[in-house]
Amino acid sequence: MDSCDVERLNELLEQDVELREKIKEQVTDLDKKTRNMVGVLNKIHSTLPESIPGLLDSVRPMLHSCQITCAAMAALIPPSQFWRWKEMWTNSLRTAIFSAALVEFLATGKLISLPEVCQILGIKDEWKGRFALPVEDYLHGLISLVNELSRLAVNAVTLGNFEAPIQISIFVKDLFAGFSMLNLKNDTLRRRFDSLKYDLKKIEEVVYDVSLRKLAPPPQGGRQI
């Protein structure tokens, strides 16, 4: 290895270090935003139903601010190097997906789609190869949503919202059925999906108790929590 090769290799190493630090700055920013969102959304467990819309209104600007960070990362990543760097922001991105999904469910009672998440986070098709939202990350975000809803089903009852567990049960059963039809080859994703049966059981126990005590009317479906 001659001196020219060594010098060139050193330059490439320095470029990688510099790029990694720049990406890390944006990931730190995204992580901060997602932590703030989760902190606010955690208040749903102690918030009365009539106050939920106001809480969601405070979260939406945080979600939309993620667009700036995603665009900054997309501008940093060289073409065709998405998979090389994605692990740096995977956890933060999944948390953002979870937050978007929870806001959508609480507002409409519906499941947010992958394209809708991309739109909210400002992730563009033209960034493909540099920055994107993989299907697996979207699914991880939905599993986190179910984890949170199983907790909400219990806490809603303590707040006197007896219809919420029934609505949550309908939604989660439908989502679980959808997951069951997917060919999940990712081991981590498969294990997390398998754990959903425990969340579903927890929700069903709450619904059974509410129904047994006749604390809520028969489920209608599709109504806002």
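Residues numbered from 1 in each chain as written. Predicted model: local features only at pLDDT ≥ 70, side-chain atom pairs only at ≥ 80, totals over all residues. Heavy atoms only, no water.

(A) Up close: the confidence of the model for the protein chain. Overall, the predicted model of the protein chain reaches an average pLDDT of 91, with 95% of residues at or above 70. Low confidence marks residues 221-225, where pLDDT is under 50. Its contacts with residues over four positions away, or in another chain, come to 16 contacts. (pLDDT = per-residue confidence, 0-100. Contact = heavy atoms within 4.5 Å.)

(B) Structural detail: the nonpolar core. The biggest cluster of nonpolar side chains holds 62 residues, and the ones touching the most others in it are Trp89, Leu121, Ile123, Leu133, Leu149 and Phe179. At the level of secondary structure, the elements contributing two or more residues to this core comprise helix H1 (3-41), helix H2 (52-76), helix H3 (82-85), helix H4 (90-108), helix H5 (114-121), helix H6 (135-158), helix H7 (164-180) and helix H8 (187-212). Non-local contacts of Leu121, meaning those with residues more than four positions away in its chain, are made with Leu63, Cys66, Gln67, Cys70, Leu93, Ala96 and Leu133. (Core = buried A, V, L, I, M, F, W, Y, C linked by side-chain atoms within 4.5 Å. Buried < 20%, exposed > 50% of the residue type's maximum accessible area, 1.4 Å probe, protein only. Helix = DSSP H or I, 4+ residues; strand = E, 2+ residues; numbered from the N terminus.)

(C) Examining the environment of Glu50 more closely. Following the sequence through the fold, Glu50 ends up in the loop between H1 and H2. Through-space distance from the C-alpha of Glu50 to that of Lys33 is 26 Å; in sequence the pair is 17 residues apart.

(D) Structural detail: the environment of Phe171. Here Phe171 lies in helix H7. In this structure the C-alpha to C-alpha distance between Phe171 and Leu114, which are 57 residues apart in sequence, comes to 17 Å. Not counting residues up to four positions away in its chain, the partners in contact with Phe171 are Phe105, Gly109, Lys110, Leu111, Leu145 and Leu149.

(E) Seen up close, the packing of aromatic side chains. Summed over all chains, the structure comprises seven aromatic pairs. Both rings, one in Phe82 and one in Trp89, keep their centres 6.0 Å apart while their planes meet at 45 degrees; by these two values the pair is tilted. Phe82 sits in the buried class, given a relative accessible area of 4%. Aromatic pair Phe179 and Phe193: ring centres 5.7 Å apart, planes at 15 degrees, arrangement stacked. (Phe/Tyr/Trp six-rings, centres within 6.5 Å; stacked < 30°, edge-to-face > 60°.)

(F) Inspection of the pattern of salt bridges at higher detail. Applying the stated criterion across every chain, the model contains twelve salt bridges. Between Arg84 and Asp16 there is a salt bridge, with its nearest N and O atoms 2.4 Å apart. One end of the pair, Arg84, is in helix H3; the other, Asp16, is in helix H1, with 68 residues separating them in the sequence. The class of Asp16 is partly exposed, set by a relative accessible area of 27%. When the shortest N-O distance is used, the salt bridge between Glu18 and Lys22 registers 3.4 Å. Of the two residues, Glu18 and Lys22 are both situated in helix H1; the distance of four residues between them amounts to about one turn of the helix. (Salt bridge = Lys/Arg side-chain N within 4 Å of Asp/Glu carboxyl O.)

(G) Spotlight on the packing of H6 against H7. Remark: H6 packs on H7, axes separated minimally by 9 Å, with the N-to-C direction vectors making an angle of 155 degrees. Overall, the two elements H6 and H7 adopt an arrangement that is roughly antiparallel. Crossing handedness for the pair H6 and H7: left-handed. On the side of H6, the interface is formed by Leu139, Leu142, Ile143, Leu145, Val146, Leu149, Leu152, Ala153, Ala156 and Val157, while H7 contributes Ala164, Pro165, Ile168, Phe171, Val172, Leu175 and Phe179. Looking at the contact of H6 with H7, its residues break down into 17 nonpolar, no polar and no charged. (Axes fitted to C-alpha atoms, helices over the stretch in contact; angles between N-to-C directions. Parallel < 35°, antiparallel > 145°, perpendicular 65-115°, else oblique. Left-handed = near helix turned anticlockwise from the far one by under 90°. Nonpolar A, V, L, I, M, F, W, Y, C, P; charged D, E, K, R; others polar.)

(H) How the structure looks around unusual backbone geometry. Phi at Ser80 takes a positive value of approximately 65 degrees, unusual for a residue other than glycine. Take Ser80: it is sitting in the loop between H2 and H3.

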